Amino acid sequence: MTIALNKLQPTQSTTNNKEVSAMNTMFEQLFIEFEIKPTAVILINLMKFHLNTVERMNEFANRMLYEDSPFALIVKMWKEDVDAHSYTDKADFVYDYYRNKKAAFEKLFQEPAHEWKLNRFTCDDPERIYDTYLKLDKYSHMTEVAMFA
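Rules and cut-offs
Residues numbered from 1 in each chain as written. Predicted model: local features only at pLDDT ≥ 70, side-chain atom pairs only at ≥ 80, totals over all residues. Heavy atoms only, no water. Core = buried A, V, L, I, M, F, W, Y, C linked by side-chain atoms within 4.5 Å. Buried < 20%, exposed > 50% of the residue type's maximum accessible area, 1.4 Å probe, protein only. Contact = heavy atoms within 4.5 Å. Helix = DSSP H or I, 4+ residues; strand = E, 2+ residues; numbered from the N terminus. Polar contact = N/O pair within 3.5 Å; in protein donor to acceptor, adjacent residues only side chain to side chain. Salt bridge = Lys/Arg side-chain N within 4 Å of Asp/Glu carboxyl O. Patch = residues over 30% accessible without salt bridge, like charges linked within 9 Å, V, L, I, M, F, W, Y side chains within 5 Å. Areas by Shrake-Rupley, 256 points an atom, 1.4 Å probe, with all protein chains shown as cover. Arc of directions from axis to C-beta.

(A) Structural detail: the nonpolar core. Residues Phe93, Phe105, Phe109, Phe121 and Ile129 are the most contacted members of the largest nonpolar core, which totals 20 residues. Among all residues touching Phe121, those that are not within four sequence positions of it are Phe105, Phe109, Ile129, Met142, Val145 and Ala146. Formed by 19 residues, the second largest nonpolar core is a distinct cluster that contains Phe31, Ile36, Met47 and Phe60.

Written out as structure tokens, the structure is:
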């Protein structure tokens, strides 16, 4: 299955309501096609975070042909994103942490860094946070690392 729309990236800052509307339409198509209920808020939020381009949405739609559930696929794609885009060097994380804490957490964990997740961290030492992340597992979630950092 391929969703044929213009190549739009919702992460780009834009004032064009047509682009935002087109991306929302694409999400609606995915939700209908794969029978994702509106009450599946966690899955929907993960999809919006990871499927942030038309290409990623098409990849998801094509890969769903071989998967049992949308959640299983989004978890696989999340792990692939961690492998491909997360930090491999503590110094880079520490540097980015002091520049933009939220963006650094999103890059490290490859998940949305909501305010309530950031508030779970009682430690404000990026080196300790990164060490805890490595100690637990590179596929750890923010809330899990927050408990042990």
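(B) View of the side chain of Ser140. One can find Ser140 in the loop between helix 8 (126–136) and helix 9 (142–148). The class for Ser140 is buried, based on a relative accessible area of 1%. At 2.7 Å, the side chain of Ser140 and the backbone oxygen of Asp137 are in polar contact. Once residues within four sequence positions are removed from consideration, Ser140 is found in contact with Trp78, Phe109, Glu111, Tyr133 and Val145.

(C) Focus on the pattern of salt bridges. This model, assessed by the stated rule, comprises 10 salt bridges. For the salt bridge of Glu67 with Lys76, the shortest nitrogen-to-oxygen distance reads 2.8 Å. A relative accessible area of 18% places Glu67 in the buried class. Note on Lys76: relative accessible area 40%, which makes it partly exposed. Across the pair Lys90 and Asp131 runs a salt bridge whose closest N-O atoms are separated by 2.9 Å. Of this pair, Lys90 sits in helix 5 (residues 90–99) while Asp131 sits in helix 8, and the two are 41 residues apart along the sequence. For Lys90, a relative accessible area of 28% gives the class partly exposed. Shared partners join several salt bridges into a network, and the residues in it are Arg56, Glu59, Arg63, Glu80 and Asp81.

(D) Here's a closer look at a nonpolar patch on the surface. On the surface, Leu136, Met147 and Phe148 cluster together into a nonpolar patch covering about 330 Å² of accessible area. As for its placement among the helices and strands, Met147 is situated in helix 9. On the basis of relative accessible area, Met147 is assigned to the exposed category, the value being 62%.

(E) Just helix 6 (residues 101–109), in detail. Of the residues making up helix 6, those classed as buried are Ala104, Phe105, Leu108 and Phe109. Projected down its long axis, helix 6 carries its buried residues within an arc of 110°, all on one side. Looking at the buried positions of helix 6, the neighbouring elements they touch are helix 4 (70–85), helix 5, helix 7 (115–118), helix 8 and helix 9. Structurally, the start of helix 6 carries an N-cap: the backbone nitrogen of Lys102 is 3.3 Å from a side-chain oxygen of Asn100.

By themselves, these observations are geometric and do not establish any function.
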